[in-house]
Each structure stands twice: as C-alpha cells, then as structure tokens.
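Commentary on secondary and tertiary structure
Here is how the chains run, residue by residue.
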Amino acid sequence: MELAINQVSKQYKGNFWALKDFNLQLRPGVLGLLGENGAGKSTLMRIISTITDPTSGTVQWNGEDISKKPNELRRVLGYLPQDFGVYPNLNAVEFLEYIAAIKGISKRTAKKRIDELLQLVNLTHARKRAIGGFSGGMRQRVGIAQALLNDPQILIVDEPTVGLDPIERVRFRNLLSDLSGERIIIFSTHIVSDVEATAGSIAIISKGKLMHHSDPDALLQTVEGKVWEVIVSDQDVQAMRKQWIISGTIRSSKGLQVRIVSDMKPAPDARLTTPAMEDAYLYCISDSRGGSRND
Amino acid sequence: MTSFRSLYHIVRADFYERARSYGFLVTIVLTILAAYFFVPFTDAKYGVVMINEHRGVYNSAWIGATVVMSTVTILSLIGFALVKNAIDRDRMTRVGQIIATTPISKFGYLFGKFVSNFIVLAIIVLIAFLVSIAMQLIRNEDTTIQLLDLLLPFVLVALPVMALVAALAVLFESTRFLSGGAGIIVYFFLWSQVFLNYGVTVQLGNLALSSPMGLEVFYDSMIDTFREQKNVTGPVERADGIIELDRPLETFVWGGVDWTSEIVAGRLAWVVIALAVVLLAALVFRGFDKVMTRESFDLFSIFRRKKKGGKDEGWESSGGLSAKALSGISLQFSFLNLLRYELWLMLKGQKWWWYLVAIVFIAGDLLLPLDMVRSMLGPLTWVWPILIWSSMGVRELRFNTRDIVFSSMHPLERQIPATWCAGFIIALLTGIGFGLKLLLEGDLGGLFAWFVGAMFIPSLALALGIWTRTNKTFEVVLLVIMFVGVMNQLQVFDFMGSMASSPEKGMPFIYLIITVVLLAAAIIGRRNQLQR
C-alpha cells in the first residue's frame, strides 16, 4: 500500500501556483499535514481525492496514476472535505445510506456499518433528526462517519477539527489513532497540537512547497538548541517580533516571557529551553514567509 | 454618509457577482438573438410585429420599438430569474449574518439589492440598444440613425419595466413563500397572465398609466399612423409573435411615438411603483436573524411514532465502541439501490398536499376527455413536479456535497444514470394518467410521444442543471415550453404528444434526438466538472 506524490504542481487562474513541485511518498500510518491557511493543503487533499487534476506531476496509488485510473483509489478512499454540505431534509441515517449507495456498499452491509458509525460518533440519539437542524459539531461528525463508510484504506481528513469543541477534538484524535494501522491517513490542519497528538509523520507545507517531512522526533531535532526564552518589557516585544520568530509569550510578574526560535542567542540574558512542535513548525516555514532565523 | 457607503458597497459587490455569472452571459446572448429575430429580413416570409399584414419601414423608430418589445418580453421573465438570487446568496453564503450585525437598515439593504438588480438588467438593455443600431444598419432599409427615436423607447419603456422586475425580484426574495422555487412559478403566472396579456393604458387625470410592459404605447401609435397613411377606417388587426407568411409584408412609414408628458409620466409612474414594491419588501423581510429551515413532510411519518429530537449529547462517548471494533465491509454496487436513494432524495421533503395534487392530476388525466387532457391537463400534470426535476444536476453544487459525491467511485457512470432514471420514473408516475388514457384510446403514436416526453424532461433538467449551475434555468425553460408552446398548440414545442397530429409529423422522433443530445450534453458537462 503506497501513495506517491511526484512533482505535483497546481496552477489556478491568474498565474497563481497553489502547489509547486510537491513530492511525498506515503505508507500506512498517520501523516499530519501542517500548514498555514492558504499554504496549499486543501489543493493537495483535493488532488489526492481525485477531485482536482494536477497541472503537472502525478499521484500514484500502488503504482497507478490516479488521474488516469481514479476509481482504483476511490474504491478505498474516505474523504472528509474541509467545507462540505449535507442534504438538509435527510436525517443522519438517510444521508449515510445515500452516500453508502453511491460508494457501492450493499444495503445490508451499509445498515450495520451506519449503526456502528453513528454509535462511534455518538449520534445514535439524533439518527432520525433532519441534518439541516444539526449543530456544526454534529454535522462534522456526520462527515467523519461518511468518510469511514467504506472502511477506507486511505483516509483524507481536511481540517477536520474546525468546528469541534475541545472534547470533540480529543475524541477525534483518539479516533484517528485507533484507525491507524493498516491504512494511510492524511490529516491536514493548521493546528499543531492536533498533529502532535496523532501523527506518526509530519509534512510541513508553505506557499505550495514541501518544507519538511519527517517523524515528529526528527522535526523537533531541527530546533534543538535553537529555542530561547527571555523576559522583556511590553514595549520591546513589538520590535522583537520584527527581528525574531516568536513562538509564544507568557505574561509574568517580571514582564513578558518571550519564546524565540533562532539559530543564535537573541539577547544576552536569553536562555535555552526545550523545543516544542510549534517552535519547529514556525522555524520550518519562516523561510517561505520571509521571516528571520538570524542565522 | 455611512449608509451611502454601505449601499454603494452592497450594490458593487452584488453587481460584480452577477456580471461574472454564466447566466448573465446567456441572458445577453438570448436578448441579442431575440432582437435579431424581431427585425426580420426585408423579404422574410415571417412577421413579428404586424399591423394588418404591414410592417414599418426599418427606420430608427420602428427598429427601436420592435427591439424594445423583444427585450422587455424576454427580460421581464428571464431577467427576473437572473436577478432573483441576491438575498438568497447572502443567506446561503452566510454573508447575511454579517450584514445583520451592521447598522444598515432593512430598507437600505433591500434598496441596495434593488439597485444592483436594476443595474444588471439596465446593462442588458443598453446592449440591446447597441444591437438596435446595428440592426438598422444591417437591414439597410433606412440607414439614417435618429438617435432619439432609437433611444427613447429604451429609456421610457424598457427601463421602467426593468425597475419593476428588479423590485419584484427583491419582494419575492423577501417573502418566505416566494423565495424558493415556488416564486418562479408564481412569477411566471404573473408574467404570462398579466404582463403579456394586459396591454391597456388607463388615463388618470394628466397621467396616462400604461401597462407594465407598455407595448400598447407603440401599438396605439403604429395603428394611428397606419390608418392615416393607408386610409383605413375599419377594424385594424395587430399581431405579434413569430407568424409564417406567404409573401413578405408590405410597409408603411412610422415615425415613432409622440412622447407626450402624459405618456412619459405614465411610464415613470412604474419606477415609483417599483420603489413602493421595495418598501413593501422591507416590511415583509424577516432579515437573517431567523434560521429559515423548515421541517419537511415525510409521507409515512403519520404511521410512525414521533421521536423526540433531543439536543446534542456531544461526543463524550462512543458507546463503548472503538474504531478497531468496526465491522468490515465488502463493496457490491447495486444500481437499483442507488436509484432507490436517488428517488428518495428527490421526493424527501415534499408536502402531503404535493402528493395529493399529483394524484388528482393522474385521476383527471384518466377521467376527463382526451382533447382536454392533451391540451391542458397533461401539460399541467408535468409542470407540477418541476421543482423536483429542477434540482437534478445542480444538487451537489447547491448543497455543497460535490466533493463527497464526486470522490466516490464512478460518479459519471453510476450517479448520472441513476439520477436520470429517478427523474424519468417521476415523469412516468406523475404522467401515468395521461399515458394510460392514450393507451385506452388506442393512440399508440400518442403513447410513444408521451413516453419520449417522459424521457425529454429529466434530460433537459439534467443538462440545464449541470451546464447553467442553477435550477432556475430549467424552471423557466419548462414553463415557457409548456405555457407559451405546448398549451398554445405550437407544434414545434410539442415534446409530449399534446397535439394529435404530432406523431404523424415526426415530433416524437425529433424530441427523441433532442433527448439524446441533451443527455450527451449532461454527460460532457459532468465530465468537465469532474476534471477540474
């Protein structure tokens, strides 16, 4: 089971490149695809999901080009789009039955599977309510259920935690962890903590380019000895923001404790601290954003 | 100042949105085509605007008047469908919720929508005006361009109608019942029964209030000139529409309408009426603070115990079930299963009275005399499910389920046939009364035409839905075909055997070919959507 993204580029109108020469090889496990808004994550997800064709390059599923043979991938694909709608007059069961019919799941199999999935996302109590009246979180859970209908070998979830409350987010992360194993899961998000909790490997994308791909430990290694903490006054922070990558601030009685990612010591009284995933992420994308590592 | 700025931005954003739409382009093309055909060749064997089998010499006055006639006829219907989406879009995109939190008043908001509607329609009128200049030069009968003769009909007749149409679109969108597909049907009846048929000018003191379309302003003047020039004292017959002739029409010289202050005031009165309509809209508009979703009717719900909804219990538990414990599945595609759900999706949400009326139509088709069924009840029977068919091909876009549906296996090969079959089955079921009647009467040619009609409707719906990305196109086109064509016994429109002579003249075969072409267009269109 292998998904290979080879030199994929996508150009939109106005000579805008959403992706540029993107390469990635994926095997079973959870890949966290991290990137800021507009980095090209959704475009990549849509290309892998066979909804959009790349302008150049190929995506191969077990050696087959998905542009030429999309149904080979669709057969085993579960996709939760970033922005999706539902048929408001249908209830949750009816909506899932309809999607199951489209996916080619027999009526009997679908019935059992839908019962289980509704239980899994805790919507059994609302199974007969019209989806039009669902809250954002409930609707998102219906989306998760539809993505899992065909027991997918490749599961693509695009910004799935948007609209979920903190408890639902934790539930979702646990679900992804449970689902990983013999399937490829691509989890696209701009929330670093979501990825940190679930992903076996992390790809960082910025301005359509792959900036980094490794396991979480290797990613953290990139900022080992480069994360500093220093206490400064409120006035100094604005100036520091222009000069350094600031990954966090905490207010204390002594002033503002600023967390800086930098190759060199940013201030005489700065001291090294343990790096976090957020630091590594900001460090990786700083080049493409025109930021400064001051190296 | 702030209000004016808000208004300006509402108008601007709305106008850009509309002017960049496919529908805008299509409406312009249709308007140009209509303008072209409303000014036939000098030796054409058909007439459009005729006074006792005469037409006016193609001078600026005649060309201006006839192009305005075609433009207002077309735009008062299609233009309405084009602009009746301004508030709905704000509702769908939830921009309305942002607008609701701004200080702009309901009237200010709706007035902005009215102005942007009007600008969209006025631009199409402007294009028609430019076409009229071109037509005068192309027809080459009197090439002296009298700018005022050409322009005034557009300014004084076309623009006031456009103001009224723009305001009615706002009113319909502001009214809950008329905001959906039902609004198009109600407006169509208003257009066909009032706008087209009512052509009388009423004298109110110093004001000559003409009909909304104002066509009689032209006809009255044309008839007066005709009588004078041809010394006719008896009754004069006027005709409009495309009418076949044995020989080209004779001509007379018409110098245009004498735009008296009374007539001008009568036309401008429609602009005032349009503003009053916007004011009325502001009174009935509920704003964006209420969720405008309605509980749908489930035909079989009366046989079930009502389940209490209960609020969301959150996702704090998974009922002891782990994702690892999910049972496996095997794929086994069943077309019938998908067809069943497509049918379900189409019919779900229909009210009980929808089914009742459909049954009444079926019974009427079976019990009433065949002539009446052919010419009246049969076509009406197939107008009834119009809102079900009009969602075909556009549903995935409208409800934003596109990514989910199109990333499933064989979306083209499986879903399109299933959707089409569901539409076809609805045509067969709702039209079964007419079909059985033809069978019982032994009219097998008519039965074949009926069967072709049942295939034609879902094909038209699917093709127009996919290509125009809105359900309104099909709604307007089917209503025009039915009420302007079929029910007026115009054979060229008879796709369903409403005229006994149609099978002999090969109409079912022609529509069978059109059906195949439409299906091919639908498949090509969907393939394009899939390969973005």
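Rules used throughout
Residues numbered from 1 in each chain as written. Chains lettered and ligands numbered in written order. Predicted model: local features only at pLDDT ≥ 70, side-chain atom pairs only at ≥ 80, totals over all residues. Heavy atoms only, no water. Helix = DSSP H or I, 4+ residues; strand = E, 2+ residues; numbered from the N terminus. Rg over C-alpha atoms; globule rule 2.2 N^0.38 Å. Contact = heavy atoms within 4.5 Å. Areas by Shrake-Rupley, 256 points an atom, 1.4 Å probe, with all protein chains shown as cover. Core = buried A, V, L, I, M, F, W, Y, C linked by side-chain atoms within 4.5 Å. Buried < 20%, exposed > 50% of the residue type's maximum accessible area, 1.4 Å probe, protein only. Domains from an automatic or database assignment. Buried area = accessible area lost by both parts, 1.4 Å probe. Phe/Tyr/Trp six-rings, centres within 6.5 Å; stacked < 30°, edge-to-face > 60°. Pairing = 2+ DSSP bridges. UniProt positions renumbered as here; feature names shortened; annotations may be inferred. Polar contact = N/O pair within 3.5 Å; in protein donor to acceptor, adjacent residues only side chain to side chain. Salt bridge = Lys/Arg side-chain N within 4 Å of Asp/Glu carboxyl O. Nonpolar A, V, L, I, M, F, W, Y, C, P; charged D, E, K, R; others polar. Patch = residues over 30% accessible without salt bridge, like charges linked within 9 Å, V, L, I, M, F, W, Y side chains within 5 Å. Axes fitted to C-alpha atoms, helices over the stretch in contact; angles between N-to-C directions. Right-handed = clockwise from strand over helix to strand, strands pointing away. Expected span 1.5 Å × (residues − 1).

Here we take up the overall build of chain B. Assigned secondary structure in chain B consists of 21 helices and six strands. For 532 residues, the compact-globule formula gives about 24 Å, and the C-alpha radius of gyration of chain B, at 26 Å, lands near that figure. A principal-axis box enclosing the C-alpha atoms of chain B has dimensions of 95 × 70 × 45 Å. For chain B, restricting intrachain contacts to residue pairs at least 6 apart in sequence, the fraction spanning at least 24 positions comes to 79%. Element-wise, carbon and sulfur atoms account for 65% of the exposed surface of chain B, whose accessible area totals about 24,500 Å².

On to the nonpolar core. Here is a general trend for soluble globular proteins: nonpolar side chains tend to be buried in one another's company. Residues F218(B), M222(B), W382(B) and F495(B) are the most contacted members of the largest nonpolar core, which totals 209 residues. Within the second largest apolar cluster, 28 residues are counted, among which are L31(A), I51(A), W61(A) and I205(A).

All names here are of chain B. According to the domain assignment, chain B contains domain 1 (2-284) and domain 2 (337-530). The centre of domain 1, based on its C-alpha atoms, is set 31 Å off from the matching centre of domain 2. Between domain 1 and domain 2, the residue contacts involve 15 residues of the former and twelve residues of the latter. Where domain 1 abuts domain 2, roughly 1,100 Å² becomes buried across the two surfaces, and 83% of that area is made up of carbon and sulfur atoms. Counting the surface domain 1 buries against domain 2, the share from its top three residues, Y22, I184 and F188, is 41%.

The full count for this structure, using the stated rule, is 35 aromatic pairs over all chains. With 5.5 Å between their ring centres and 80° between their planes, Y87(A) and F399(B) make a pair best called edge-to-face. One end of the pair, Y87(A), is in the loop between β6 (77-80) and α3 (92-103); the other, F399(B), is in the loop between α15 (395-398) and α16 (402-406), on a second chain. Accessibility expressed as a relative area gives 3% for Y87(A), which makes it buried. Here F399(B) falls in the partly exposed class, since its relative accessible area comes to 24%.

What follows concerns the sheet that holds strand β5 (residues 64-65) of chain A. Residues and elements named next belong to chain A. Here we have four strands laid out as an open sheet, ordered β2-β1-β4-β5, and antiparallel in their pairing. The sheet terminates laterally at β2 (16-26) and β5, the two strands that pair on one side only. In terms of strand pairing, strand β1 (residues 3-12) meets β2 through seven bridges, oriented antiparallel. Within β2, the position partnered with L3 by the bridge is L26.

The UniProt record annotates "domain: ABC transporter" (unreviewed entry) at residues 3-232 of chain A. Spanning residues 3-232 of chain A, this segment combines 34% helix with 30% strand, and its end C-alpha atoms are found 48 Å apart.

This part takes up the environment of Q25(A). Residues and elements named next belong to chain A. Here Q25 lies in strand β2. Distance from Q25 to N6, taken between C-alpha atoms, is 8.2 Å for residues 19 residues apart in sequence. Beyond its immediate sequence surroundings of up to four residues, Q25 is in contact with E2, L3, A4, I5, N6 and H213.

Turning to the side chain of R113(A), a few remarks are in order. Inspection of the secondary structure puts R113(A) in helix α4 (residues 107-120). Engagement of the side chain of R113(A) in a polar contact is seen with the backbone oxygen of L149(A), the distance being 3.2 Å. Excluding residues within four positions of it along the chain, R113(A) makes contact with L148(A), L149(A), D151(A), L326(B), S327(B) and I329(B).

Before going further, it helps to spend a moment on the interface of chain A and chain B. Taken residue by residue, the interface counts 63 residues in chain A and 56 residues in chain B. Considering only the side of chain A, the residues that lose the most area to chain B are Y87(A), Y98(A) and I102(A), jointly responsible for 12% of the buried surface there. Put simply, chain A and chain B have two salt bridges between them. Among the salt bridges present, the one from E94(A) reaches K348(B), with a minimum N-O distance of 3.1 Å. Where chain A touches chain B, the interface holds twelve residue pairs in polar contact (both at pLDDT 80 or more). Among the secondary structure elements, those contributing two or more residues to the side of chain A that touches chain B are α2 (70-74), β6, α3, α4, α5 (136-147) and α6 (166-179) of chain A. For the side of chain A that touches chain B, a count of residues per class yields 25 nonpolar, 17 polar and 21 charged.

The next subject is the pattern of salt bridges. Pairing between side chains becomes possible if they bear opposite charge and their charged atoms approach one another. All names here are of chain A. Scanning all chains against the criterion turns up 24 salt bridges over all chains. With a shortest N-O distance of 3.0 Å, R173 and D194 are connected by a salt bridge. Taken as a pair, R173 in helix α6 and D194 in helix α7 (residues 192-198) lie far apart in primary sequence, 21 residues in all. Taken as a pair, R173 and D194 share a single burial class, namely buried. What emerges from the salt-bridge pattern is a single network uniting E229, R259, R271 and D279.

Together, Y22(B), L25(B), V26(B), V29(B), L30(B), L33(B), F37(B), W467(B) and I524(B) line one region of the surface with nonpolar side chains, adding up to about 790 Å² of accessible area. Along the chain, V29(B) turns up in helix α2 (residues 22-37).

This paragraph deals with the sheet that holds strand β8 (residues 184-189) of chain A. Residues and elements named next belong to chain A. With mixed pairing, six strands are arranged side by side in an open sheet as β6-β7-β8-β3-β9-β10. The sheet is open, and its two edges are formed by β6 and β10 (209-214), each paired on a single side. In this sheet, adjacent strand axes meet at a mean angle of 15° when their direction is disregarded.

Attention now goes to the pairing of β8(A). Residue and element names in this part refer to chain A. Most of β8 sits out of view: six of its six residues are buried. Burial along β8 is two-sided: I184, I186 and S188 and I185, F187 and T189, pointing in opposite directions, are all buried. Bridge analysis of strand β3 (residues 29-34) against β8 gives six bridges, and the strand direction is parallel. Each bridged residue has a counterpart across the sheet, and for L34 the counterpart in β8 is T189. Across five bridges, the pairing between strand β7 (residues 154-158) and β8 is parallel. Residue pairing across strands places L155 opposite I185, the latter belonging to β8. You can see the chain leave β7, run along α6 and come back into β8, and the turn it takes is right-handed.

Only a minority of non-glycine residues have a phi that is not negative, and only a minority of peptide bonds are not trans. Notably, D21(A) is not glycine yet its phi reads approximately 45°, a positive angle. Tracing the backbone shows D21(A) in strand β2.

To continue, consider the environment of G108(B). All names here are of chain B. Secondary-structure assignment places G108 in helix α6 (residues 106-139). Overall, the relative accessible area of 15% leaves G108 in the buried class. Separated by 171 residues in the primary sequence, G108 and L279 place their C-alpha atoms 9.8 Å from one another.

The next thing to look at is helix α17 (residues 411-430) of chain B. For α17(B), with 20 residues, the first-to-last C-alpha span of 28 Å sits near the 28 Å given by 1.5 Å per residue. Burial runs high along α17(B): 15 of the 20 residues are buried.

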